[in-house]
Amino acid sequence: MSLACPDCFSPLNGPRCTGCHRAFESDGGVLRLRAKDDAPAEGERAYLELYQARPDPWRYEGRAAEVLKAEAVMGVIDRLLRPGARVVEVGCATGHITRRLATRPISLVSFDLVPSAVVAAQRSLTPETVKADIGWCSANGAHLPVARHGMDLVLLLDGPVSWKLGPDGFDRVLSEALAALAPGGRVLVMDYMTPARFEELRGPVQRRLRIVETHPLPDRPWYIFESMLRVVRGTAPVRWLLSSLGFARALARLGRLFGERGSKHLLLVCEAPG
């Protein structure tokens, strides 16, 4: 899928904008599409340091709850996708969702602030299963490197509150998502937090977008259990237990009994207001 200049939103010809003619550089082999007025976010240095310390900072791989989370997210996404849909994934991290999106016949832009994360996401793909046309880059969700009014689906997953953008930064990301939407498009917003903080996500979102679906993922019992075993998490029996999909599904059944109180992830499906 074609990338666009984050300043004027014209398409790129290689590393150069066809509109303002700005030439963009690469970082670690990944095209760096940052707007001229793009000041580093408060948490950006922390993210860079996290990826330097550990290739997969959030241990997405090997944790059963993360697998179930990805399945739940893709279940919602697949209801919204049509062949050829134009999708932008903001903050692809190491590709936990990306490699699932890549198996769908869509046009996809996947990016992250951290170039090494983008490289990891690229390497996570199995070439023979890829059906998507994918554009990769390093960018910022406050300056989306896609054409205005051209996206059928904007993904803001794991998630705008955790990114520590502050109120103004969060609002800017939502404004960018709205500006990128094609008529009838959707924005998916998800974050990881305690239920008592869900309004920190829902409140800012509904000031910019109309929430049409709310999906609390029933995963809080699993994360509580994991935290209880933190000291012995590295032992083989505990690693096996935390990687067990059957065990995670059993805890999810428990979580469903409590509604939002049994959730650590809240997924919102949104559309343009009015």
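Residues numbered from 1 in each chain as written. Predicted model: local features only at pLDDT ≥ 70, side-chain atom pairs only at ≥ 80, totals over all residues. Heavy atoms only, no water.

S.K.: Help me understand the overall build of the protein in this model?
M.R.: Counting secondary structure elements, the protein contains nine helices and eleven strands. Scaling as 2.2 N^0.38, a compact globule of 274 residues should have a C-alpha radius of gyration of about 19 Å, and the protein matches this with 18 Å. Taking the principal axes of the C-alpha coordinates as reference, the protein spans close to 55 × 40 × 35 Å. Out of the 274 residues belonging to the protein, those deemed buried represent 50%. Within the protein, contacts between residues separated by at least 24 positions form 74% of all contacts whose residues are at least 6 apart in sequence. Split by element, the accessible area of the protein, about 12700 Å² in all, is 54% carbon and sulfur. Put simply, the protein has 36 plus and 30 minus side-chain charges, and the middle of one group is 4 Å from the middle of the other. (Helix = DSSP H or I, 4+ residues; strand = E, 2+ residues; numbered from the N terminus. Rg over C-alpha atoms; globule rule 2.2 N^0.38 Å. Buried < 20%, exposed > 50% of the residue type's maximum accessible area, 1.4 Å probe, protein only. Contact = heavy atoms within 4.5 Å. Areas by Shrake-Rupley, 256 points an atom, 1.4 Å probe, with all protein chains shown as cover. Lys, Arg positive; Asp, Glu negative; His and termini not counted. Charge placed at Lys NZ, Arg CZ, Asp CG, Glu CD.)

S.K.: For this particular structure, what's the right way to read the pattern of salt bridges?
M.R.: Where side chains of opposite charge bring their charged atoms close, a pairing between them can arise. Inspection of every chain in the model, using the stated rule, returns 19 salt bridges. Here E271 ties to R186 by a salt bridge, and the two come within 3.4 Å at their closest N and O atoms. Of this pair, E271 sits in strand β11 (residues 265–271) while R186 is found in strand β9 (residues 181–192), placing the two residues 85 residues apart along the sequence. Linking E200 and R197 is a salt bridge whose minimum nitrogen-to-oxygen distance equals 2.9 Å. Taking relative accessible area as the criterion, E200 reaches 38% and is therefore assigned partly exposed. Given a relative accessible area of 36%, R197 falls into the partly exposed group. One connected set of salt bridges, linked through shared partners, spans R63, E66, K69, D158 and E226. (Salt bridge = Lys/Arg side-chain N within 4 Å of Asp/Glu carboxyl O.)

S.K.: In this structure, what is going on with helix α2 (residues 64–80)? I would like to understand it.
M.R.: Turn by turn, an α-helix covers 3.6 residues, leaving residues three or four places apart pointing in a common direction. Between the first and last C-alpha of α2 there are 25 Å, a value that for 17 residues agrees with the 24 Å anticipated at 1.5 Å per step. Looking at α2, one finds that the buried residues are A64, A65, E66, L68, K69, A70, V73, M74, V76 and I77. (Expected span 1.5 Å × (residues − 1).)

S.K.: Even after reading the chapter, I still don't get the packing of aromatic side chains, so can you show me in this structure?
M.R.: Centre distance and the angle of the planes are the two values used to describe a pair of aromatic rings. This structure, assessed with the given rule, holds three aromatic pairs. Between Y192 and Y223, the ring centres sit 5.2 Å apart and the planes meet at 70°, which makes this aromatic pair edge-to-face. Within this pair, whereas Y192 is found in strand β9, its partner Y223 is found in helix α7 (residues 220–228), the two being separated by 31 residues in sequence. Residue classification places Y192 among the partly exposed positions, given a relative accessible area of 35%. Classification of Y223 as buried rests on a relative accessible area of 5%. (Phe/Tyr/Trp six-rings, centres within 6.5 Å; stacked < 30°, edge-to-face > 60°.)

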